[in-house]
Amino acid sequence: MRRTAWLLLALALLGFPFLGGAFYVNLASQIFIAALGAASLNLLVGYGGMVSLGHAAWIGLAAYTSGWLQLRLGWSHWLTAPSALAITTLGAGLFGLIALRAAGLGFLMITLAFGQVLWGTAYRWAAVTNGDNGLSGLTRPAPFGLSLDQPGAFYYFTLALTSLALWVMARFVRSPFGATLTGSRDEPRRLRALGHNVWLVRWLTFVYSAFWGAVAGLLYAYYNKYVHPTTLSLTNSAEALLGVIAGGPGTIAGPIVGAAIVVVLKNYVSAYFERWNMLLGFVFVLIVIFVPEGVVPGLRRLSLRWRKR
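Some points on the confidence of the model for the protein
Piece 1. In this model, the protein carries an average pLDDT of 91, and 99% of its residues clear a pLDDT of 70 or more.
Piece 2. The least confident element of the protein, judged by mean pLDDT, is helix 14 (residues 295-308) at 80; the most confident is helix 10 (residues 198-224) at 96.

Below, the structure written as structure tokens:
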């Protein structure tokens, strides 16, 4: 039964560009990018118990680094992509040394402050970021000579990368290290008593999460062909966090569902409903009331209850 469901889902995803128009194909690509960003944040929030409001910093930093290297230095995508990932991951490692000295609300405030600093820097450092005008004129890569300028081609490229990332993250959280990570969330004192370095586990997860956030940032830059300081904004961090909470933290599918809800409301419903933020808040309130554990865990609970009948 489960294999049949996975097969049907794969066929639906592969056939979607042939059935949907360009708008819906582009919307699906945006959902994949948002899902990857939310899933990377879920490693911190859902599995590590570290709530962050600065995750957009890694998405924006990777996007800006890739764009700047391409426009200012004329580097190819084969150089800009790994360089952006390396710089962002290194920055996360250094910042993690400071941020993880705090926990709980203190960690939340430090990540919020860091994200705001980068957001303000992107606006003010016009010599590098071009200020409020952003970096425009970016191009998409052409892996193995295949152009990604068409919506369908970019859809498959994004689908492949997001699927690979989610599979790798699923293996990560189901590994012995992932079990140690959830233990550091639930029973940190017991883990320390057993000889585990809880701080190191959290730091490695923080860096790993930022790496996948950087991958989402590259896809974001490729999709829009433009990077603006709002990429680093608190709003983007909050939307990613909202996607994790709404879909179900501590699950693989949860951030995907949550990100889809946010992106559809933001990009589709907003065309018909001016105050879409109010609608998003209303949907979130309904989720908290009826499925406080998130949509995916809530549906699983209801499904088990139905089967018992």
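There's plenty left to go through after this.
As for the side chain of Arg202
Piece 1. Topologically, Arg202 is positioned in helix 10.
Piece 2. Nearest to the buried, unbridged Arg202 among oppositely charged side chains is Asp186, at 9.1 Å.

A short note on the packing of helix 4 (residues 77-99) against helix 10
Piece 1. Contact pair helix 4 / helix 10: the axes reach a minimum separation of 9 Å and the direction vectors enclose 145 degrees. Crossing of helix 4 over helix 10 shows right-handed handedness. Across the interface between the two elements, His77, Ala81, Ala84, Leu85, Thr88, Thr89, Ala92, Gly93, Phe95, Gly96 and Leu97 from helix 4 touch Trp199, Trp203, Phe206, Val207, Ala210, Phe211, Ala214, Val215, Leu218 and Tyr222 from helix 10.
Piece 2. Its residues assigned to classes, the contact of helix 4 with helix 10 shows 16 nonpolar, five polar and no charged.

A look at the packing of helix 3 (residues 56-72) against helix 5 (residues 105-124)
The description of two packed helices rests on the angle between their axes and on the distance between the axes.
Piece 1. Two numbers describe how helix 3 lies on helix 5: the axes approach to 10 Å, and their chain directions differ by 30 degrees. In terms of orientation, helix 3 lies roughly parallel with respect to helix 5. With respect to the hand of their crossing, helix 3 and helix 5 are arranged in left-handed fashion. Facing Ala57, Trp58 and Tyr64 of helix 3, the residues of helix 5 in contact are Phe114, Gly115, Leu118 and Ala122.
Piece 2. Partitioning the contact of helix 3 with helix 5 into residue classes produces six nonpolar, one polar and no charged.

So, the environment of Val283
Piece 1. Along the polypeptide, Val283 turns up in helix 13 (residues 276-290).
Piece 2. A C-alpha to C-alpha distance of 28 Å links Val283 and Trp119, two positions 164 residues apart in sequence.

Each value, and the rule that gives it
- Residues numbered from 1 in each chain as written.
- Predicted model: local features only at pLDDT ≥ 70, side-chain atom pairs only at ≥ 80, totals over all residues.
- Heavy atoms only, no water.
- pLDDT = per-residue confidence, 0-100.
- Helix = DSSP H or I, 4+ residues; strand = E, 2+ residues; numbered from the N terminus.
- Buried < 20%, exposed > 50% of the residue type's maximum accessible area, 1.4 Å probe, protein only.
- Lys, Arg positive; Asp, Glu negative; His and termini not counted.
- Salt bridge = Lys/Arg side-chain N within 4 Å of Asp/Glu carboxyl O.
- Axes fitted to C-alpha atoms, helices over the stretch in contact; angles between N-to-C directions.
- Left-handed = near helix turned anticlockwise from the far one by under 90°.
- Contact = heavy atoms within 4.5 Å.
- Nonpolar A, V, L, I, M, F, W, Y, C, P; charged D, E, K, R; others polar.
- Parallel < 35°, antiparallel > 145°, perpendicular 65-115°, else oblique.

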